[in-house]
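Here is what each chain is made of, one letter per residue.
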Amino acid sequence: MATSVKELMSAANSAVRKISPDEARRMIAEDDALVVDVRDAPEVQASGKIKDALHVSRGMLEFRADADTQYHNPEFRKDRPIILYCASGGRSALSGKVLKDMGYEKVFNLGAFKDWAETEGEVDKTA
């Protein structure tokens, strides 16, 4: 059955809770949350990324998150909260839905990188 981007976004936004920068900061400090930037490399190079965030472009997410692939990144653990963000919140919502489908339960959408930066969140400009 065919589906549209609108339908995919609706399903993703229903499955993955959106959090504020303040809530993300708390989860990073208290829960050892993994922060994942799913933007493309040129976007990260242009603006930097959240301090200590792991950059995994949207196209590689499933491979980095799956322990059964040669591309797996051990930072992805199902017992650890994962906070995703991108440029506007769309790719991070879709990414969160994919992680939920893969069995990750503690997945959150921070939304847009600019929302973090505008609230004086720490940014690594050397990314």
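Right above here is the structure, for reference.
Let me begin by describing the structure that accompanies this report. Please read these numbers as outputs of a predicted model, since none were measured by experiment.

1. Regarding the pairing of strand S5 (residues 82–86)
Moving on, step 1. A large share of S5 lies buried, amounting to 5 of its 5 residues.
Moving on, step 2. Here S5 shows no split at all, with Ile 82, Leu 84 and Cys 86 on one side and Ile 83 and Tyr 85 on the other all buried.
Moving on, step 3. As paired elements, S5 and strand S6 (residues 107–112) share 5 bridges and run parallel to each other. The partner of Cys 86 across the bridge, within S6, is Ala 112.
Moving on, step 4. Once the chain exits S5 it traverses helix H5 (residues 90–101) before rejoining the sheet at S6, and the crossover so formed is right-handed.

2. Considering the environment of Tyr 85
Moving on, step 1. Within the fold, Tyr 85 resides in strand S5.
Moving on, step 2. Separated by 31 residues in the primary sequence, Tyr 85 and Trp 116 place their C-alpha atoms 9.3 Å from one another.
Moving on, step 3. The contact partners of Tyr 85, leaving out residues within four places of it in the chain, are Val 35, Val 36, Asp 37, Val 38, Arg 39, Lys 49, Ile 50, Ala 53, Ser 92, Leu 110, Gly 111 and Phe 113.

3. Focus: the side chain of Asp 37
Moving on, step 1. Here Asp 37 shows up in strand S2 (residues 34–37).
Moving on, step 2. A distance of 2.7 Å separates a polar atom in the side chain of Asp 37 from a polar atom in the side chain of Tyr 85.
Moving on, step 3. Each residue touching Asp 37, except ones within four places of it in the same chain, is listed here: Val 44, Gly 48, Lys 49, Leu 54, His 55, Val 56, Ser 57 and Tyr 85.

4. Some thoughts on the packing of aromatic side chains
For any pair of aromatic rings, geometry is given as the distance between the ring centres together with the angle between the planes.
Moving on, step 1. For the structure shown, the criterion picks out 3 aromatic pairs.
Moving on, step 2. Ring centres of Phe 63 and Tyr 71 lie 6.1 Å apart, and the angle between their planes is 85°; this geometry places the pair in the edge-to-face category.
Moving on, step 3. We classify Phe 63 as partly exposed; its relative accessible area is 38%.
Moving on, step 4. The exposure class of Tyr 71 is partly exposed, given its relative accessible area of 38%.
Moving on, step 5. Ring centres 6.4 Å apart and planes at 80° place the aromatic pair Phe 76 and Tyr 104 in the edge-to-face group. Taken together, the residues Phe 76 in the loop between helix H4 (61–65) and S5 and Tyr 104 in the loop between H5 and S6 connect sequence positions 28 residues apart.
Moving on, step 6. By relative accessible area, which is 3% here, Phe 76 ends up buried.
Moving on, step 7. Residue classification places Tyr 104 among the buried residues on the basis of a relative accessible area of 4%.
Moving on, step 8. Sitting above the plane of the Phe 113 ring, Arg 39 keeps its charged end 4.4 Å from the centroid.
Moving on, step 9. When the ring centre of Tyr 104 is taken as origin, the NZ or CZ atom of Lys 78, which lies over that ring, is 5.3 Å away.

Procedures and definitions
- Throughout, a residue's number is its position along its own chain's written sequence, starting from 1.
- Selection of residues for local features in this predicted model requires a pLDDT of at least 70, selection of side-chain atom pairs for listing and counting requires 80 or more, and totals for whole chains, interfaces and linings are taken over all residues.
- Water and hydrogen atoms were dropped before computing side-chain values, which therefore reflect all heavy atoms in the structure.
- Three exposure classes are used, based on accessible area relative to the maximum for each residue type with a 1.4 Å probe and protein chains only: buried under 20%, partly exposed in between, and exposed over 50%.
- Secondary structure counts use DSSP, requiring at least four H or I residues in a row for a helix and at least two E residues in a row for a strand, with both numbered from the N terminus.
- The pairing criterion for strands is at least two bridges between them, as found by DSSP.
- If you view a crossover with the strands going away from you and the path from the first strand over the helix to the second runs clockwise, you call it right-handed.
- Whether two residues are in contact is decided by their heavy atoms, any of which lying within 4.5 Å being enough.
- Two N or O atoms form a polar contact when they lie within 3.5 Å of each other; inside protein one atom must be a possible hydrogen donor and the other a possible acceptor, and for residues adjacent in sequence the pair counts only when both atoms belong to side chains.
- Aromatic rings from Phe, Tyr and Trp, with only the six-membered ring used for Trp, were paired whenever their centres fell within 6.5 Å, and each pair was classed as stacked if the ring planes differed by under 30 degrees, edge-to-face if by over 60, and tilted otherwise.
- Charges are assigned to positions over rings by a cutoff of 6 Å between ring centre and Lys NZ or Arg CZ, combined with an angular limit of 35 degrees from the ring normal.

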